[in-house]
Amino acid sequence: MRWQAITVLGIPQGYEHGLTWIKPSFLWMMYRCGWAMKEGQETVLAVEITRQGFDWALANAELSHYERGVHPDLATWQRNLRHAPARVQWDPERDLHLNRLPYRSLQLGLAGEAARRYADEWTVAIRDVTPLAREIHELVRSGRDEDAVRLLPEEAPYAAPGTVPASG
């Protein structure tokens, strides 16, 4: 599953330059949307996409920020980023209380061709997981962490083929 706050399937006119973000970590998504309580983010959808599509996006992605030692120079990175249909960003993973953990989770931004393919080819299923998010949040708020953990979606490390843009 790829966890994502509301996404629009089908790219609206003029949206080609915006990004649609895939957030594979449920708890990072809960941090981002405030357990589906932040204004404008009250709905959380689990969007299942094909592995082939996800792998294509990774293979065609560029890091969202310049990093010396990863990129030959700033100009090359800027040129690659402008032309990349996807971008990779690594953000701190979150625990059940949405505190930072010492490792990072992938965020994958899609634009142009990647966003169109995501909407038209890669999407397999969409589920509203807002009730699950709110149930887990209520358990956490009431100090029932063990019960909350049992409800978390199963997540496993993703064995990506080839090279995934990574921070140095």
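From a predicted model like this one, the values you see are computed outputs, not experimental measurements. (Residues numbered from 1 in each chain as written. Predicted model: local features only at pLDDT ≥ 70, side-chain atom pairs only at ≥ 80, totals over all residues. Heavy atoms only, no water.)

## Details of the overall build of the protein
Of regular secondary structure, the protein possesses six helices and seven strands. Counted from the first residue to the last, the protein has its helices and strands arranged as β-β-α-β-α-β-α-β-β-α-β-α-α. Per-residue burial over the protein gives 43% buried out of 168 residues. Put simply, 69% of the contacts in the protein that link residues at least 6 apart link residues at least 24 apart. Just so you have it, the protein exposes about 9,400 Å², and 50% of that area is on carbon and sulfur atoms. (Helix = DSSP H or I, 4+ residues; strand = E, 2+ residues; numbered from the N terminus. Buried < 20%, exposed > 50% of the residue type's maximum accessible area, 1.4 Å probe, protein only. Contact = heavy atoms within 4.5 Å. Areas by Shrake-Rupley, 256 points an atom, 1.4 Å probe, with all protein chains shown as cover.)

## Section: unusual backbone geometry
A positive phi angle, close to 65°, is found at A36, a residue other than glycine. Its location among the elements puts A36 in the loop between helix 1 (26-33) and strand 3 (44-49). Owing to a relative accessible area of 0%, A36 belongs among the buried residues under this scheme. Even without glycine at this site, L98 takes up a positive phi of about 70°. Within the secondary structure, L98 sits in the loop between strand 5 (86-94) and strand 6 (100-110).

## Focus: the pairing of strand 6
Strand direction decides the pairing type here: strand 2 (residues 20-22) and strand 6, joined by three bridges, are antiparallel. The residue bridging W21 from the neighbouring strand is G109, located in strand 6. Here strand 5 hands over to strand 6 after five residues, with L98 in that stretch at a positive phi of 70°. (Pairing = 2+ DSSP bridges.)

## Comments concerning the pattern of salt bridges
Taken as a whole, this structure holds five salt bridges when the rule is applied. In this structure, the salt-bridge partner of R117 is E121, at a minimum N-O distance of 3.4 Å. Remark: E121 and R117 occur in helix 4 (residues 112-122); sequence separation between them is four residues, near one turn of the helix. R150 is the partner of D147 in a salt bridge, and the nearest nitrogen-oxygen pair spans 2.3 Å. Highlighted residues: D147 and R150, both in helix 6 (residues 145-151), separated by three residues, approximately one helical turn. (Salt bridge = Lys/Arg side-chain N within 4 Å of Asp/Glu carboxyl O.)

## With respect to the packing of helix 2 (residues 51-59) against helix 4
A pair of packed helices is captured by two measures, namely the crossing angle of their axes and the spacing between those axes. One can describe the packing of helix 2 onto helix 4 by two numbers: an axis separation of 10 Å at closest approach and a directional angle of 175°. One way to sum up the angle between helix 2 and helix 4 is to call them roughly antiparallel. Contacts from G53, W56 and A57 in helix 2 reach E113, A114, R117 and W122 in helix 4. (Axes fitted to C-alpha atoms, helices over the stretch in contact; angles between N-to-C directions. Parallel < 35°, antiparallel > 145°, perpendicular 65-115°, else oblique.)

## Structural notes on the packing of aromatic side chains
Tallied over the entire structure, the rule returns three aromatic pairs. Pairing W28 with Y31 gives two aromatic rings, centres 6.0 Å apart and planes at 65°, and the pair type is edge-to-face. Here W28 pairs with Y31, and both are found in helix 1, just three residues apart, close to one helical turn. Take W28: its relative accessible area is 7%, and that puts it in the buried class. Plain terms: the ring middles of W56 and W122 are 5.6 Å apart, the flat faces sit at 55° to each other, and that makes the pair tilted. Of this pair, W56 sits in helix 2 while W122 sits in helix 4; the two residues are 66 residues apart in sequence, bridging distant segments of the chain. Overall, the relative accessible area of 4% leaves W122 in the buried class. Over the aromatic face of Y31 sits the side chain of K38, whose NZ or CZ is 5.9 Å from the ring centroid. R117 extends its terminal NZ or CZ atom over the ring of W56, reaching a point 4.5 Å from the ring centre. (Phe/Tyr/Trp six-rings, centres within 6.5 Å; stacked < 30°, edge-to-face > 60°. Lys NZ or Arg CZ within 6 Å of the ring centre and 35° of its normal.)

Don't take any of this as a statement about function, it's just geometry.
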